[in-house]
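# Architecture and fold: a report
If you want the building blocks of each chain, they are given just below.
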Amino acid sequence: MKFSKTRPKQESHRPTTDGEGSSQLLNPHWKGRMKLSIFTVDAFAQKPFTGNPAAVVPLSQTLQDSVLQNIAGELNLSETAYVIPVNGSAKTDENLRWAENSRFSLRWFTPTNEVPLCGHATLATAHVLFRHLGNTNKQIEFETKSGVLLARRSGEKIVLDFPKNPPCELHPTLKADLAGLVKAIANDNLPLKELKISHETKKLLIRLADSCTRKDLESLCPDTGLLMSLHDGTVIKGVVVTLRGRLPLEEEEEKATTNEEQANKEYHVLSRYFAPWNGIPEDPVTGGAHTVLAPYWSEELGITTLKCRQCSPRGGDLEVTTRSDGRVDLAGRATTVIQGSINI
């Protein structure tokens, strides 16, 4: 694999050429092997080495699922996204297809399996299309296993239009079955306020009591092997642990606070996300998890737009808006860290 580092400040809105040109996407064969362009992008991040890294692989043709899975395993990032232009016109120039098309096919693979939805890899893909492949559209559409997803430019940010996945109450039997898992994730000494589940996304939501702090949330260190032994992944594929931030609502009075409380006042919602059943011990920043968090916290707080912080070691920020049409807007930034190619 060959990589060359890219400085985010030098990113261009024109198609990337770097010597061999973006014609690699048109004729991706090199010495009898297929040569594919690869971009590694930190999503929901304003600077390198923060947010959530995803690989983006632009394809001119569909490859076998086994090949896509092997590439994702080789790259070993939480997600690898594969994007292909959907033929909307009879364009013969491959570069024009990437620059002018407004509709693309998109799939996501973890190192172990394909997933039906991934927010940060979608943001990364839109970033590559807008910043590196010269796409001139204000809004683009992605055909995915979760339906058509939209991504649009908004200043320095990209806004994703995703389905809303409100969580619901756990059935008492399921709650009892998952008691060991909940205990293994949330330390015994941390009080819990509520448990919810999103059956559509197979995500368990654990809300810590309001008396807990961001430091308590960041101190969680669940044993991945133990989690895997306590649940087989048939019902739950990921666990969101969340805590109310301290950003005051309009009707709340500002009070004197400690330094830690003041830091928490930047956000309405704090969270972390663990998904060992998808080969991800902890996901740094998770757009899909916020399709569950947004409707939950919007109802709890009585507001539609939330400032959110995912408190993984890398960390990342999102602005999430719950809409009345069953959708959520996820807004964030992205920066390219690595650009190169892979030979298969």
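What counts and how
Residues numbered from 1 in each chain as written. Predicted model: local features only at pLDDT ≥ 70, side-chain atom pairs only at ≥ 80, totals over all residues. Heavy atoms only, no water. Helix = DSSP H or I, 4+ residues; strand = E, 2+ residues; numbered from the N terminus. Contact = heavy atoms within 4.5 Å. Phe/Tyr/Trp six-rings, centres within 6.5 Å; stacked < 30°, edge-to-face > 60°. Buried < 20%, exposed > 50% of the residue type's maximum accessible area, 1.4 Å probe, protein only. Expected span 1.5 Å × (residues − 1). Polar contact = N/O pair within 3.5 Å; in protein donor to acceptor, adjacent residues only side chain to side chain. Core = buried A, V, L, I, M, F, W, Y, C linked by side-chain atoms within 4.5 Å. Salt bridge = Lys/Arg side-chain N within 4 Å of Asp/Glu carboxyl O. Pairing = 2+ DSSP bridges.

For the chain, the helix and strand inventory stands at 9 helices and 19 strands. Long-range contacts, defined as pairs at least 24 residues apart, comprise 70% of the intrachain contacts of the chain with a sequence gap of at least 6.

Here we come to the packing of aromatic side chains. One pass over the structure, following the stated rule, counts 4 aromatic pairs. On the basis of an interplanar angle of 20° and a centroid distance of 5.9 Å, the ring pair of W98 and F104 is categorised as stacked. A single burial state applies to W98 and to F104, both of which are buried. Relative to W297, the ring of Y296 lies with its centre 5.3 Å away and its plane at 85°, an arrangement referred to as edge-to-face. Considered together, Y296 and W297 belong to a single accessibility category, that of buried residues.

Turning to helix α9 (residues 287-301), a few remarks are in order. Its 15 residues give α9 an end-to-end C-alpha distance of 20 Å, which sits within 8% of 21 Å, the value for a rise of 1.5 Å per residue. Summarising burial for α9: 13 of the 15 residues are buried, a large majority. Looking one or two residues beyond α9, the residue adopting positive phi is G302, at roughly 75°.

Moving on: unusual backbone geometry. Phi is mostly negative for residues that are not glycine, and the peptide bonds are mostly trans. Although it is not a glycine, N76 sits at a positive phi angle of roughly 60°. For N76, a relative accessible area of 54% corresponds to the exposed category. Of note in the backbone geometry, K202 takes a positive phi value of approximately 55° without being a glycine. Residue placement: K202 occurs in the loop between β11 (192-198) and β12 (203-208).

With that settled, consider the side chain of N137. Within the secondary structure layout, N137 lies in the loop between α3 (119-131) and β8 (139-144). Separated by 3.0 Å, the side chain of N137 and the backbone oxygen of N101 make a polar contact. Beyond its immediate stretch of four places on either side in the chain, N137 contacts A99, E100, N101, S102, F130 and R153.

This next bit is on the nonpolar core. With 51 residues, the main nonpolar core has V83, W108, L129, I140 and F142 as its most contacted residues. With sequence-adjacent residues up to four places away left out, I140 is seen in contact with N101, S102, F104, A126, L129, F130, N135, L149, L150 and A151. L195, I197, C212 and I236 belong to the second largest nonpolar core, which has 25 residues in total.

On to the pattern of salt bridges, then. The full count for this structure, using the stated rule, is 20 salt bridges. The closest approach of N and O atoms between D325 and R323, which form a salt bridge, is 2.8 Å. Salt bridges linked by common partners bring R152, D161, R323, D325, R327 and D329 together as one network.

Further remarks concern the pairing of strand β14 (residues 269-275). Taken across its 7 residues, β14 has 7 buried, putting it largely inside the fold. Both faces of β14 are covered, namely the face carrying V269, S271, Y273 and A275 and the face carrying L270, R272 and F274. The pairing of strand β13 (residues 238-244) with β14 spans 6 bridges and is classified as antiparallel. If you follow R244 over to β14, its bridge partner there is V269. Of the pairings in the sheet, the one linking β14 to strand β16 (residues 305-310) comprises 3 bridges and is parallel in character. In the strand pairing of β16, S271 is matched with Q310. Across 2 bridges, β14 lies against strand β15 (residues 280-283) in antiparallel orientation.

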